[in-house]
Amino acid sequence: MKKLFLLTCILFGFAATAGAQSISDNAIGLRLGDSDGFGAEISYQRALSGNNRLEFDLGWRSGDSYDGFKLAGLYQWVWQLDGNFNWYAGVGGGIGSYSFDSPIPGGDDSESFFFAAGDIGVEYNFDIPLLVSLDFRPELGFGDFRDDVDFDIALSLRYQF
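Residues numbered from 1 in each chain as written. Predicted model: local features only at pLDDT ≥ 70, side-chain atom pairs only at ≥ 80, totals over all residues. Heavy atoms only, no water.

A short note on the overall build of the protein chain
Step number 1: Across its full length, the protein chain carries one helix and eight strands.
Step number 2: Secondary structure elements in the protein chain, listed N-terminal to C-terminal, are α-β-β-β-β-β-β-β-β.
Step number 3: Evaluated residue by residue, the protein chain yields a buried proportion of 36% over its 161 residues.
Step number 4: Pairs at least 24 residues apart make up 50% of the contacts formed inside the protein chain by residues separated by at least 6 positions. (Helix = DSSP H or I, 4+ residues; strand = E, 2+ residues; numbered from the N terminus. Buried < 20%, exposed > 50% of the residue type's maximum accessible area, 1.4 Å probe, protein only. Contact = heavy atoms within 4.5 Å.)

Dropping the structure here:
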């Protein structure tokens with residue numbers, strides 16, 4: 001157990017001292033994934049320091065018999081791989097709600113849930129103000145409607161300013 005703890009401390013120390021490229025103060029765009037039924041999400045990133053940022057994603061869906069939204073917030077650490085190519089990891093969570101319409105009178109139902117999430121991905125920062133990333137986000141849901149683990153893989157396109 002002591003060796004595992006020591007190894008973990010060494011890995012986090014290495015990651016903390018690795019050189020990181022300065023990240024953009026703000027970035028806004030779309031996060032395109034679909035494993036949890038939300039499809040496209042509006043995504044916003046706000047830098048906190050040279051290699052830390054917050055990310056907020058809002059997704060919504062509307063169908064013939066349902067409406068839903070999901071809001072996620074993540075704290076991310078960013079490390080430079082090579083030139084404009086970075087990788088990042090983060091933790092966070094969020095809330096969501098679904099509303100189902102039933103053809104039976106009085107059969108309408110709505111459910112709310114919250115979730116914990118992790119995030120790991122790679123990104124490329126172009127010389128123009130464009131950031132493209134690919135990430136993997138496992139989410140552990142809590143609630144009647146969503147009480148399982150979802151694995152979300154998404155491609156993001158963001159304008160940096």
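So, the side chain of Glu-41
Step number 1: Tracing the backbone through its elements, the reader meets Glu-41 in strand S2 (residues 40-47).
Step number 2: Other than its neighbours up to four places away in sequence, Glu-41 contacts Gly-29, Leu-30, Arg-31, Asp-57, Leu-58, Gly-59, Lys-70 and Arg-137.

Let's talk about the sheet that holds strand S7 (residues 130-142)
Step number 1: Taken together, the eight strands give a closed barrel; going around it, the order is S1-S2-S3-S4-S5-S6-S7-S8, and neighbouring strands pair in antiparallel fashion. Neighbour-to-neighbour, the strand axes of this sheet turn through a mean angle of 25°, independent of strand direction.
Step number 2: Note: strand S6 (residues 109-125) against S7, 10 bridges, orientation antiparallel. Across the sheet, residue Ile-120 finds its bridge partner in S7, namely Phe-136. (Pairing = 2+ DSSP bridges. Axes fitted to C-alpha atoms, helices over the stretch in contact; angles between N-to-C directions.)

Some points on the pattern of salt bridges
Oppositely charged side chains can form a pair if their charged atoms are brought close together.
Step number 1: Here the structure, examined in full by the defined rule, presents nine salt bridges.
Step number 2: One salt bridge connects Arg-137 with Glu-55, and the closest N-O pair in it is separated by 3.3 Å. Here the residue Arg-137 occupies a position in strand S7, and Glu-55 occupies one in strand S3 (residues 52-62), the gap between them amounting to 82 residues.
Step number 3: In this structure, the salt-bridge partner of Arg-158 is Glu-55, at a minimum N-O distance of 3.2 Å. One end of the pair, Arg-158, is in strand S8 (residues 149-160); the other, Glu-55, is in strand S3, with 103 residues separating them in the sequence.
Step number 4: If you follow the salt bridges from partner to partner, you end up with Arg-31, Glu-41, Lys-70, Asp-135, Glu-139 and Asp-152 in one network. (Salt bridge = Lys/Arg side-chain N within 4 Å of Asp/Glu carboxyl O.)

With respect to the pairing of strand S1 (residues 26-33)
Step number 1: Note: S1 against S2, seven bridges, orientation antiparallel. Note that in S2 the partner of Leu-30 across the bridge is Ile-42.

Observations regarding the nonpolar core
Step number 1: Core analysis: the biggest nonpolar cluster contains six residues, these being Ala-72, Leu-74, Tyr-98, Phe-113, Phe-115 and Ala-117.
Step number 2: Secondary structure elements with two or more residues in this core: strand S4 (66-82) and S6.
Step number 3: Among the elements that make up this core, the one with the highest residue count is S6 (three residues).
Step number 4: Ignoring sequence-local partners within four residues, the contact set of Ala-117 consists of Leu-74, Gly-90, Val-91, Gly-92, Gly-93, Arg-137, Pro-138 and Glu-139. (Core = buried A, V, L, I, M, F, W, Y, C linked by side-chain atoms within 4.5 Å.)

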